[in-house]
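Listed below, chain by chain, are the residues.
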Amino acid sequence: MPYKVTEFQPFDYWRDTLSEAFSESLQTQLYDDEECNTTYRTVDIVRNEILREVRRNGEYIESGYPLLTASQMKNIAYGRCVDYVNLAVSTYRSVGVPCYIDATPFYGRFRAGHTWDVVVFGNGGDMPSEWDLACEHGKRFFPAQRFPKVYRSTYAINRDRVKYRNESALKYPFDYCQKDVTSQYTKTSDIEIETYSNINLAEKYCYISIFNGHNVEWSFVDYGEIKDGNACFKNIGRNILYLAQGFDGRKLIPISDPFILHQNGKIEYIKFDGSETRTLDIRRKYYQNRNVAEMRQRIYGGRIQGADNPNFTNAEDILIIDDVYILDPQPVKCNKAYKYYRYLSVDGSYGSIAELKFYDADTTEITGTPIACKYAASDIIAKAFDDDYLTNFETEYPDNNWVGIQTSKPQKISFIRIIPRSDDNDIRVGDTYELLYYNGKEWISMGKKTANTNILHYDNVPSKALYWVKDHRRGWDERPFLLREGYKVEWR
């Protein structure tokens, strides 16, 4: 087995230390005629022993640990994914299991990257672990994710990267001991990208970048070469938005229009056209995943009710929610003043909401004592009124759920705020946003606005461009988008 796992690790007796710490169960495994002493069984036994002994708390911190000795590593309680991967690979190798480390610098539609371990099983197949030690190998591997690049850590030097470093003016420190294995995880293409005319670069090398939006706008994931006026790149992951960049001697500059390498291998250039303008109403700053869509759907058919009694007998239906994108605040028509108000969820929804508030005609909040159905404990009820869009009122029971307030005296409501359970990437009242569009060279601002509803409205927006909405108060989940035919939003 190799004498090390990663660069700059301490040269201690790591194999002896880790195999002794996490192989006791290997010695006592029950004998059978199918899995005993197979790679699969060995990895599963060792992985579970690490989980029992390390007792990781599941927190992923940005800084992580420095490279640890083996005696320190076996006590790691928290860290980055790469810290757990180093522990896993070190331990697997210490008991004779062939495995290696793969990583992506960035996902195709996310600001961060990921590192994982891959085990070579007895049948010759490679089986990656999706997250960390908590995941079984080979069960699945991010079936919905997009990968621009995946690199494998090696012991052999990548001679092409050495050549790049010797010849490049930028001299970005790509790892010498990595090889490109993107095609093992996703469909890829070798591409030639049309570059702008009259660009003046300091080198023949160019860079393929994806949108980041966090600290920097574009982050490059690989380099290529300029050939016959085109930027040429190899083994590029599909179904992702890219930008080709070049080094002018001082900084990286765009040398192409943003482009999408589609799933079928075709290239679509996103060309700016400001000859026509339009209005634009924006509801989100980030694409909606399946979990968010399912959680949002739970408010559909819910009711806002007012009553004169805590049992809500003869309650008035003030609002029946018929749109999962309910306005915030939502005007309502209430026939009389009530002392009790509630949100009554539809059966099967578990009562799921993030926030609930009631307002009078002057949009002054009507406060009172929180009340709820018999299933809800006080700490669960409080989550509907805590101004935290990432905590949720929700019970263990699917039906007959409600939450509301008891006021000190009857009051008439004119507006309500009901925030569905989500990822807090909807436009949020009170936050300051900025709409930007890409003009082929840089991002141009359409101005900052503080949202007074959950719809952000802009006039005179160029009709054909790549767009980006920034929240200047909170969060970093932001993605660019396009407006397709019929002005349907397509997130990239």
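Up top you'll find the structure we're talking about.
Rules used throughout
- Residues numbered from 1 in each chain as written.
- Predicted model: local features only at pLDDT ≥ 70, side-chain atom pairs only at ≥ 80, totals over all residues.
- Heavy atoms only, no water.
- Phe/Tyr/Trp six-rings, centres within 6.5 Å; stacked < 30°, edge-to-face > 60°.
- Helix = DSSP H or I, 4+ residues; strand = E, 2+ residues; numbered from the N terminus.
- Buried < 20%, exposed > 50% of the residue type's maximum accessible area, 1.4 Å probe, protein only.
- Lys NZ or Arg CZ within 6 Å of the ring centre and 35° of its normal.
- Salt bridge = Lys/Arg side-chain N within 4 Å of Asp/Glu carboxyl O.
- Core = buried A, V, L, I, M, F, W, Y, C linked by side-chain atoms within 4.5 Å.
- Contact = heavy atoms within 4.5 Å.
- Expected span 1.5 Å × (residues − 1).

Asks: Which parts of the structure should I look at to understand the packing of aromatic side chains?
Replies: Any aromatic ring pair is given by two values, namely how distant the centres are and how the planes are angled relative to each other. Applying the stated rule across the entire model yields 40 aromatic pairs. Between Tyr 40 and Phe 121, the aromatic rings sit 5.7 Å apart at their centres with planes inclined by 40°, giving tilted as the arrangement. One end of the pair, Tyr 40, is in helix α3 (residues 39-54); the other, Phe 121, is in the loop between β2 (114-120) and β3 (126-128), with 81 residues separating them in the sequence. With a centroid separation of 6.2 Å and an interplanar angle of 50°, the aromatic rings of Tyr 107 and Phe 110 are classed as tilted. In this structure Phe 110 comes out as partly exposed when scored by relative accessible area, which is 25%. An aromatic cluster of three or more residues is present, and its members are Tyr 107, Phe 110, Trp 116, Trp 131, Phe 141, Phe 142, Phe 147 and Tyr 185. Seen from the ring of Tyr 389, Arg 428 lies directly overhead, with NZ or CZ sitting 3.7 Å from the centre. In this structure, Lys 449 is placed above the aromatic ring of Tyr 458, and the distance from its NZ or CZ to the ring centre is 4.4 Å.

Asks: Looking at this structure, I do not really get the pattern of salt bridges. What am I missing?
Replies: A pair can form between side chains of opposite charge whenever their charged atoms are brought close. Taken as a whole and assessed by the stated rule, the structure comprises 28 salt bridges. Taking the shortest distance from any N to any O, the salt bridge between Asp 44 and Arg 47 comes out at 2.9 Å. Residue Asp 44 and its partner Arg 47 are both found in helix α3; the two are separated by three residues, about one turn of the helix. One salt bridge connects Asp 248 with Lys 251, and the closest N-O pair in it is separated by 3.6 Å. Classification of Asp 248 as partly exposed rests on a relative accessible area of 23%. Overall, Lys 251 belongs to the partly exposed group, its relative accessible area being 39%. Within this structure, Glu 268, Arg 484, Glu 490 and Arg 492 form a network of salt bridges that share partners.

Asks: Before we go on, may I ask you to explain the nonpolar core in this structure?
Replies: Inside soluble globular proteins, nonpolar side chains tend to come together where they are buried. Ranked by internal contacts, the top residues of the largest apolar core, which has 32 residues, are Ile 304, Phe 358, Phe 393, Ile 413 and Ile 416. The set of elements that each furnish at least two residues to this core consists of β15 (303-307), β16 (316-320), β18 (338-344), β19 (355-359), β21 (369-372), α8 (378-382), β22 (402-411) and β23 (415-419). A per-element tally of this core places β18 first, with four residues. Other than its neighbours up to four places away in sequence, Phe 358 contacts Ile 304, Tyr 341, Arg 342, Thr 364, Glu 365, Ile 366, Ile 405, Ile 413, Phe 415 and Ile 416. Val 5, Val 46, Ile 50 and Ala 88 belong to the second largest nonpolar core, which has 26 residues in total.

Asks: I would appreciate a short explanation of α3 in the present structure.
Replies: Working note: α-helix, 3.6 residues per turn, so residues spaced by three or four point in the same direction. With 16 residues, α3 should cover 22 Å at 1.5 Å per step; its first-to-last C-alpha distance of 22 Å lies within 8% of that length. Those residues of α3 lying buried are Thr 39, Arg 41, Thr 42, Val 43, Ile 45, Val 46, Arg 47, Glu 49, Ile 50 and Val 54. Considering only its buried residues, α3 is in contact with α1 (14-22), α2 (24-27), α5 (81-94) and β2. Backbone geometry just after α3 places Arg 55 at a positive phi near 55°.

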